Amino acid sequence: QVYKGLDIITNKVSPQEQRLCRHHMISFVDPLVSNYTVVDFRDKAVPLISYIFARNKIPIVVGGTNYYIESLLWKVLINTKEMPRSAPRADSDRKVELEQLDSAELHRRLSQVDPEMAAKLHPHDKRKVARSLQVFEETGIPHSEILHQQQEEEGGGPLGGPLKYPHSCILWLHADQAALDARLEKRVDDMVAAGLLEELRDFHRRYNQEKVAENRQDYQHGIFQSIGFKEFHEYLVSEGKCSPETSALLLEKGIQALKQVTKRYARRQNKWVRNRFLKR
């Protein structure tokens with residue numbers, strides 16, 4: 001939701017709702033920015049939280065991209081920009097460069113410098129493997145060692161470093177899985193009724209059409225990795241170039257794919273809540 005555009009598919013708070021209560025961190029990043037990270041998010045959000053506290057107000061962090069929430073509640077991130085480098089200065093897009101390597105080669109490199117982290121990560125999870133390798137390259141310290149240091153700080157534990165705000169109150173809305181699945185499917189149908197297809201067409205035309213023509217489309221970074229955009233890729237690139245029957249089939253395929261991936265994402269969110277809070 002930090003990116004401008006795709007308001008329906010990212011379920012952004014409506015302008016009417018925003019007028020009822022002050023909102024932050026919505027629609028301020030250009031969609032073509034591909035290297036906006038959770039560190040950038042944290043570095044902008046933490047001063048806002050301090051500002052809200054300073055006015056004797058209570059900041060409310062709303063999910064759920066849990067990794068981003070985690071970055072605000074716990075000391076879990078590694079900001080290599082603030083750490084001394086044992087190697088020459090790395091390019092800010094070094095992680096993206098590493099992701100261009102073959103999965104096996106990437107994992108082999110990590111195994112050589114940080115076997116503990118390599119053992120935890122799936123060889124095909126390029127993003128996490130590349131991030132761990134980037135941490136080592138930019139700090140000279142294995143990623144796993146830095147994580148152990150965080151966990152050993154006062155207040156830390158097996159899941160990471162100490163809480164930043166010790167009096168946090170966590171509210172989690174739990175639903176029966178069958179009821180949740182039905183709601184999520186209805187949510188997708190409501191998105192379509194609210195103009196989802198028009199939003200996708202417009203966004204594709206403005207930001208992605210040229211990339212597709214040059215085979216430079218990237219659904220692994222930035223707003224293009226949002227749930228819902230890539231699921232309609234076939235429909236968007238073929239619209240007007242195939243029969244109405246084929247277009248209708250591709251549209252239905254996209255809708256069903258969106259429903260499935262949304263339900264999978266909700267399950268991951270629930271798993272995160274159980275691991276982070278309920279297992280303690």
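Residues numbered from 1 in each chain as written. Predicted model: local features only at pLDDT ≥ 70, side-chain atom pairs only at ≥ 80, totals over all residues. Heavy atoms only, no water.

### As for the overall build of the chain
Counted only if it meets this: Put simply, DSSP H or I for four residues or longer makes a helix, DSSP E for two residues or longer makes a strand, and each gets a number counted from the N terminus. Only protein chains enter the accessibility calculation, which uses a 1.4 Å probe; a residue is then buried when its area is under 20% of its type maximum, exposed when over 50%, and partly exposed in between. Any two residues having at least one pair of non-hydrogen atoms within 4.5 Å are treated as being in contact. What sets the accessible areas is the Shrake-Rupley method with a 1.4 Å probe; for residues, cover comes only from the shown protein chains.
A tally of regular secondary structure across the chain gives twelve helices and zero strands. Seen in sequence order, the chain has helices and strands lined up from the N terminus as α-α-α-α-α-α-α-α-α-α-α-α. The burial tally for the chain puts 38% of its 280 residues in the buried class. Across the chain, every contact between residues at least 6 apart in sequence was considered, and the portion connecting residues at least 24 apart equals 67%. Carbon and sulfur atoms form 54% of the exposed surface of the chain, whose accessible area is close to 17000 Å².

### Examining a nonpolar patch on the surface
Convention followed: Patch criteria: residues need more than 30% relative accessible area and no salt bridge. Like-charged residues are merged within 9 Å; nonpolar side chains of Val, Leu, Ile, Met, Phe, Trp and Tyr are merged within 5 Å. Within this document, salt bridges are pairs made up of a side-chain nitrogen of Lys or Arg and a carboxyl oxygen of Asp or Glu, the two lying within 4 Å of each other.
On the surface, a cluster of nonpolar side chains totalling about 400 Å² of accessible area is made up of I58, I60 and V62. On the accessibility criterion, I58 (73% relative accessible area) is exposed.

### Some details on the side chain of E231
Applicable threshold: The convention is simple: Lys and Arg are positive, Asp and Glu are negative, and His and the chain ends are not counted.
Along the chain, the position of E231 falls in the loop between α10 (196-213) and α11 (233-238). It turns out E231 is buried and unbridged, and the closest side chain with the opposite charge, K230, is 4.2 Å from it. With residues up to four places along the chain from it excluded, the contact list for E231 reads S226, G254, A257, L258 and V261.

### Looking at the nonpolar core
The condition is simple: Definition used in this section: a nonpolar core is a set of buried Ala, Val, Leu, Ile, Met, Phe, Trp, Tyr and Cys residues joined via side-chain atoms within 4.5 Å.
Of all hydrophobic cores here, the largest spans 18 residues; its most connected members are I9, L196, L200, F232 and L258. At the level of secondary structure, the elements contributing two or more residues to this core comprise α9 (177-193), α10, α11 and α12 (244-278). Every residue in contact with L258, bar those within four places of it in the chain, is listed here: I9, V188, L196, I227, G228, E231 and F232. Among the nonpolar cores identified, the runner-up in size contains ten residues, and V2, Y3, F41 and L72 belong to it.

### Brief notes about the environment of L6
Topologically, L6 is positioned in the segment before α1 (15-20). For L6, a relative accessible area of 2% puts it in the buried group. Residues L6 and F203, spaced 197 residues apart in sequence, show a C-alpha to C-alpha distance of 7.2 Å.

### Quick word on the environment of S27
For clarity, the cut-off: Think of a polar contact as two N or O atoms within 3.5 Å of one another; within protein, one of them needs to be a possible hydrogen donor and the other a possible acceptor, and neighboring residues in sequence only count if both atoms come from side chains.
By secondary structure assignment, the location of S27 is in the loop between α1 and α2 (38-54). Residues S27 and D7 lie 20 residues apart in sequence; the distance between their C-alpha atoms is 8.7 Å. Separated by 2.9 Å, the side chains of S27 and K12 make a polar contact.

### Notes on the packing of helix α3 (residues 66-73) against α12
Worth spelling out the cut-off: To define axes, lines are fitted to C-alpha atoms, for helices over the stretch in contact only, and angles between the resulting N-to-C directions are given on a 0 to 180 degree scale. Any angle that is under 35 degrees is reported as roughly parallel, and any over 145 degrees as roughly antiparallel; angles of 65 to 115 degrees are reported as roughly perpendicular and all others as oblique. Charged means Asp, Glu, Lys or Arg here, nonpolar means Ala, Val, Leu, Ile, Met, Phe, Trp, Tyr, Cys or Pro, and polar covers whatever is left, Gly included.
Packing of α3 against α12 brings their axes to within 11 Å, and their N-to-C directions diverge by 30°. With respect to α12, the axis of α3 lies roughly parallel. Residues N66, I69 and E70 of α3 touch α12, and the partners they reach there are Q269, W272 and R276. Split into classes, the residues belonging to the contact of α3 with α12 amount to two nonpolar, two polar and two charged.

### Observations regarding helix α8 (residues 143-152)
Short version of the rule: The directions considered for the arc are those from the helix axis to the C-beta atoms.
Along α8, the positions that sit buried rather than exposed are H143, S144, I146 and Q150. Take α8 and look down its axis: the buried residues cluster within an arc of 160°, on one side only. Contacts made by the buried residues of α8 are with α6 (115-120) and α7 (126-139).

### A short note on α2
The line we're drawing: To estimate how far a helix should extend, the number of its residues minus one is multiplied by 1.5 Å.
The terminal C-alpha atoms of α2 lie 24 Å apart, and with 17 residues this matches the ideal 24 Å at 1.5 Å per residue to within 8%. Taken as a whole, α2 has its buried residues at V38, V39, F41, R42, A45, I49 and I52. Down the axis of α2, the sector holding all buried residues measures 135°, keeping them to one side. On its buried face, α2 sits against α3. One or two positions beyond α2, positive phi appears at N56, with a value near 60°.

### Observations concerning unusual backbone geometry
Its identity as a non-glycine residue notwithstanding, L6 has a phi of 50°, on the positive side. The backbone of N11 shows a phi angle near 55°, a positive value even though the residue is not glycine. Relative to the assigned elements, N11 resides in the segment before α1.

### Quick look at the side chain of Q150
If you trace the backbone, Q150 turns up in helix α8. Discounting chain neighbours no more than four positions away, the residues touching Q150 are K75, V76, L77, I78, G156, G160, G161 and P162.

### With respect to the pattern of salt bridges
In the structure shown here, the tally under the stated rule is 15 salt bridges. With a closest N to O distance of 2.9 Å, E105 and R109 form a salt bridge. Of the two residues, E105 and R109 are both situated in helix α5 (residues 103-113); the distance of four residues between them amounts to about one turn of the helix. On the basis of relative accessibility, which here comes to 25%, the residue E105 falls in the partly exposed class. When the shortest N-O distance is used, the salt bridge between D189 and K259 registers 3.1 Å. In this pair, D189 is assigned in helix α9 and K259 in helix α12, connecting sequence segments 70 residues apart. One network of salt bridges, with partners in common, ties together E105, R108 and R109.

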